[in-house]
Amino acid sequence: MTRQTLRNAAQLCDRNLIAPAERAAVEQVAARYAVALPSALAALIDPSDASDPIARQFVPDAAELEQQPHELNDPIGDDAHSPLEGIVHRYPDRVLLKLTHVCAVYCRFCFRREMVGPDKPNALSATALAAALDYIRAHGQVWEVILTGGDPLVLSARRLRAVMKALGEIEHVKVVRIHTRVPIADPARITPDLVRALKLKGKPTYVAVHVNHARELSPQARAACAALADAGMPLLAQTVLLSGVNDSEEALGELMRTLVECRIKPYYLHHADMAHGTAHLRTDIASGQDLMRALRGRLSGLCQPSYVLDIPGGHGKSPIGPNYFVRTGSNGSERVVIEDYNGQRHAYPPPALD
Ligand code: SF4
């Protein structure tokens, strides 16, 4: 397979991924938000299926031109916690280190869509990277560094090796985590050289792979993930709950099981963020909770992610249920009730037996 990336309406039209009648609107979307659809993902799309879950995530849609009043430029509030270029320090024990604004694919629901794309500054300059590393060195409470972006794995093995080496030499940094879509979007980039570059001596490198539908785990994507796992890097999955992509019990359950079969532990199920032009892909929280209830008890505990929301304004991530713990009673007679996965309630501690 050639590794061509589709980057504009004309190319998408030539590949039958949009209709000629949609071309003008898609050109407007592409002028506003970055577009890239690598061949590995384009090959997974069924152009005859108007609701193909892969196309829905990556092929631009005229609906992106519609903005809702509550949608934000920076929905998770990175800027509010950025003490210097390339660093986001929201929680005490960890920082994000954003090495690049480029991605292998541009997801149509991206929470950083105003910041990512080839027309944005490409990578941290050497000076800015040195300052970011100095910041981490100077903050002894930073236990974990999360490489994110953009997508850090679009960078060369040489650049990544240098960053990993610098992080590995910081005594108080015990864990490095990499957030990436590359094993799914462009699995050919996961070469033995790149895998070696990500490994640290005596410290773990976790790789959090962004996957939203079981069909994204193509044979090539599975091989790329296996190469990372075989090299000793624990794999996690981050999934965004998306309308028309994975918001059914069947689609979400199949995804979670497929991830675990690929040695990828489902970590977070993100409620979609309020990024501009993404209302058509968002669900409501109540349906997300119903889906989580449907997974609980029916799928192995290994297949259960945490359902979380990044609170707009930079207030961090919170689990958003469902909640199985209920307090009842009043006037000092408080009781605790636990709901089971069938929705039945049980007093805790249980009533004494005669
Ligand atoms: S790979 Fe991540 S940062 Fe890049 S467009 Fe997709 S969601 Fe956004």
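Parameters and conventions
Residues numbered from 1 in each chain as written. Predicted model: local features only at pLDDT ≥ 70, side-chain atom pairs only at ≥ 80, totals over all residues. Heavy atoms only, no water. Near = heavy atom within 4 Å. 1 Å grid on protein atoms, 1.4 Å probe; cavity = no way out; pocket = protein on both sides within 12 Å on 5 of 7 lines; lining within 4 Å. Sits in = over half its atoms within 2 Å of the grid points. Nonpolar A, V, L, I, M, F, W, Y, C, P; charged D, E, K, R; others polar. Helix = DSSP H or I, 4+ residues; strand = E, 2+ residues; numbered from the N terminus. Expected span 1.5 Å × (residues − 1). Buried < 20%, exposed > 50% of the residue type's maximum accessible area, 1.4 Å probe, protein only. Arc of directions from axis to C-beta. Contact = heavy atoms within 4.5 Å. Points joined across faces, edges and corners; volume = space filled by probe spheres on them. Pairing = 2+ DSSP bridges. Axes fitted to C-alpha atoms, helices over the stretch in contact; angles between N-to-C directions. Core = buried A, V, L, I, M, F, W, Y, C linked by side-chain atoms within 4.5 Å. Lys, Arg positive; Asp, Glu negative; His and termini not counted. Salt bridge = Lys/Arg side-chain N within 4 Å of Asp/Glu carboxyl O.

*Asks:* Lay out the site of the ligand in plain terms, naming residues and giving numbers.
*Replies:* Taken together, Cys103, Val105, Tyr106, Cys107, Cys110, Arg181 and His210 are the residues near the ligand. Put simply, the ligand lies in the largest pocket. Of the residues assigned to the shell around the ligand, the class counts are five nonpolar, one polar and one charged.

*Asks:* Tell me about helix H9 (residues 219-230), and please be specific about residues and values.
*Replies:* Every α-helical turn comprises 3.6 residues, leaving residues that sit three or four positions apart pointing alike. Given a rise of 1.5 Å per residue, 12 residues ought to cover 16 Å, and the 16 Å separating the end C-alpha atoms of H9 matches this to within 8%. Among the residues of H9, those classed as buried are Ala221, Ala224, Cys225, Leu228 and Ala229. Axial view of H9: buried residues confined to an arc of 140 degrees, hence all on one face. Exposed and facing more than 90 degrees away from the buried side of H9 are Pro219 and Asp230. In this fold, the buried residues of H9 make contact with helix H7 (182-185), helix H8 (192-198), strand E7 (205-210), strand E8 (235-241) and strand E9 (264-271). Looking one or two residues past H9, Gly232 carries a phi angle of roughly 95 degrees, positive in sign.

*Asks:* Describe empty space enclosed by the protein, naming the residues involved and giving the relevant values.
*Replies:* Taken as a whole and judged by the stated rule, the model has one cavity of 30 Å³ or more. Volume-wise, the largest cavity comes out at about 50 Å³. In this structure, the largest cavity is lined by Tyr33, Ala34, Tyr106, Cys107, Arg108, Cys110, Arg113 and Val116. Considered class by class, the residues forming the lining of the largest cavity number six nonpolar, no polar and two charged.

*Asks:* Which residues make up the sheet that holds strand E14 (residues 345-348), and what are the values?
*Replies:* Sheet architecture is open: three strands sit in the order E12-E13-E14, paired in antiparallel fashion. Whereas interior strands pair on both sides, the edge strands pair on one side only; in this sheet they are strand E12 (325-328) and E14. Each neighbouring strand pair of the sheet contributes to a mean axis angle of 35 degrees, computed without reference to strand direction. Of the strand pairs in this sheet, strand E13 (residues 335-339) and E14 are connected by four bridges, and their pairing is antiparallel. If you follow Val337 over to E14, its bridge partner there is Ala347.

*Asks:* Just give me the short version of the nonpolar core, but keep the residues and values in it.
*Replies:* Core analysis: the biggest nonpolar cluster contains 90 residues, and Leu37, Leu97, Ile136, Val145, Leu147 and Leu167 have the highest contact counts within it. Setting aside chain neighbours within four positions, we find Leu167 in contact with Leu133, Ile136, Val145, Leu147, Val173, Val176 and Lys203. If you look at the next biggest cluster of nonpolar residues, it comprises six residues, including Ala34, Ala36, Cys103 and Val116.

*Asks:* Which residues make up the sheet that holds strand E6 (residues 175-180), and what values do they have?
*Replies:* Spatially, the nine strands line up as an open sheet ordered E3-E4-E5-E6-E7-E8-E9-E10-E11, and their pairing is mixed. Each edge of the open sheet carries a strand with a single partner, namely strand E3 (87-91) and strand E11 (317-319). Strand-to-strand, the axes of this sheet are offset by a mean angle of 30 degrees, without reference to chain direction. Sheet strands in contact with helix H5 (residues 126-138) are E3, strand E4 (94-98) and strand E5 (144-148), and its direction is about 175 degrees off that of E4. Helix H10 (residues 249-261) rests against E8 and E9 of the sheet, and its axis sits at about 145 degrees to E9.

*Asks:* How would you summarise the side chain of Asp273 if you had to cite specific residues and measurements?
*Replies:* Summarising the element assignment, Asp273 is placed in the loop between E9 and helix H11 (285-295). The charged side chain of Asp273 is buried without a salt bridge, its nearest counter-charge being Lys317 at 8.0 Å.

*Asks:* Give a description of the environment of Arg137 that names residues and reports values.
*Replies:* Its location among the elements puts Arg137 in helix H5. Taking relative accessible area as the criterion, Arg137 reaches 41% and is therefore assigned partly exposed. Distance in space between the C-alpha atoms of Arg137 and Glu22 is 50 Å, their sequence separation being 115 residues. With residues near it in sequence (within four places) discarded, Arg137 still touches Ala130, Ala166, Ile170 and His172.

*Asks:* Describe the layout of surface pockets, listing the residues and the values that go with them.
*Replies:* Roughly 830 Å³ of internal volume is contained in the largest pocket. Phe111, Arg112, Thr148, His179 and Gln238 are, among the 39 residues lining the largest pocket, the residues nearest its centre. Counting only elements with at least two residues in the lining of the largest pocket, the list comes to E3, E4, E5, E6, E7, E8 and E9. Of all the elements, E9 adds the most residues to the lining of the largest pocket, at four residues. Classifying every residue of the lining of the largest pocket by side-chain character gives 21 nonpolar, nine polar and nine charged. Put simply, the second largest pocket is a space of about 380 Å³. Leu17, Glu22, Ala50, Ala55 and Val59 are, among the 23 residues lining the second largest pocket, the residues nearest its centre. Grouping the amino acids of the lining of the second largest pocket by side-chain chemistry returns 12 nonpolar, three polar and eight charged.

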